[in-house]
Amino acid sequence: MSESSRPAGQAAEAILSRLAEVLASRRGGDPDRSYVARLFSKGNDAILKKIGEEATETVMAAKDGVAERIVSETADLWFHCLVMLEFHGIRPERVLEELARREGLSGLEEKASRGTATGPGPASEKGKE
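A brief report on the enclosed structure follows. (Residues numbered from 1 in each chain as written. Predicted model: local features only at pLDDT ≥ 70, side-chain atom pairs only at ≥ 80, totals over all residues. Heavy atoms only, no water.)

## With respect to the overall build of the chain
Broken down by element type, the chain carries 7 helices and 0 strands. Helices (α) and strands (β) of the chain occur, in sequence order from the N terminus, as α-α-α-α-α-α-α. Taking all 129 residues of the chain together, the buried fraction comes to 19%. Here the contacts in the chain between residues at least 6 apart in sequence split such that 52% fall between residues at least 24 apart. (Helix = DSSP H or I, 4+ residues; strand = E, 2+ residues; numbered from the N terminus. Buried < 20%, exposed > 50% of the residue type's maximum accessible area, 1.4 Å probe, protein only. Contact = heavy atoms within 4.5 Å.)

## Examining the packing of aromatic side chains
One pass over the structure, following the stated rule, counts 1 aromatic pair. Plain terms: the ring middles of Phe-40 and Phe-87 are 6.4 Å apart, the flat faces sit at 25° to each other, and that makes the pair stacked. Linking Phe-40 in helix 2 (residues 35-42) with Phe-87 in helix 4 (residues 67-87), this pair joins segments that are 47 residues apart in sequence. For Phe-40, a relative accessible area of 9% gives the class buried. When the ring centre of Phe-40 is taken as reference, the NZ or CZ atom of Arg-27 above it lies at 5.2 Å. (Phe/Tyr/Trp six-rings, centres within 6.5 Å; stacked < 30°, edge-to-face > 60°. Lys NZ or Arg CZ within 6 Å of the ring centre and 35° of its normal.)

## Let's talk about the nonpolar core
Leu-23, Val-36, Leu-39, Phe-40, Ile-47, Ile-51, Leu-77, Leu-82, Val-83 and Leu-85 form the largest nonpolar core, which has 10 residues in total. Tallying contributions element by element places helix 4 first for this core, with 4 residues. When residues no more than four places from it in sequence are discounted, the contact partners of Ile-47 are Leu-39, Phe-40, His-80, Val-83, Met-84 and Phe-87. (Core = buried A, V, L, I, M, F, W, Y, C linked by side-chain atoms within 4.5 Å.)

## Things to note about the side chain of Thr-58
As for its position among the elements, Thr-58 is in helix 3 (residues 44-64). Residue Thr-58 is classed as buried on the basis of its relative accessible area, which comes to 13%. Non-local contacts of Thr-58, meaning those with residues more than four positions away in its chain, are made with Glu-73, Thr-74 and Leu-77.

## So, the environment of Met-84
The residue Met-84 is located in helix 4 in this model. In the structure, Met-84 is positioned 33 residues away from Ile-51 in sequence and 8.4 Å away in space, judged by C-alpha atoms. Apart from residues no more than four positions distant in its own chain, Met-84 is found in contact with Ile-47, Leu-48 and Ile-51.

Here is the structure:
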């Protein structure tokens, strides 16, 4: 990471950390008074459904190519991913650590290090003979 991007990166990490704290504080809150408490009360499937909706809206915004919409929809997607992380007791810093671990690796090298095939392999083909 270059020195010039370090302050912005630290600010972004601080924002994610503060958001994570707010989301954690909504756990067990009143679903009638808090959108996040309502999502938590509905459970994992509702949170995942919302992520799917936001991902679709992000894709559609990117296809339209309007920067403001892309930014807005990506913020919605990231927010709901943070809700999912909190639901599972995972801090966003763990995701940042994983991204840092992957920094400088090619995508193909990183995938290979996880033992993930780049396409359907024998395991996914079982039962299809």
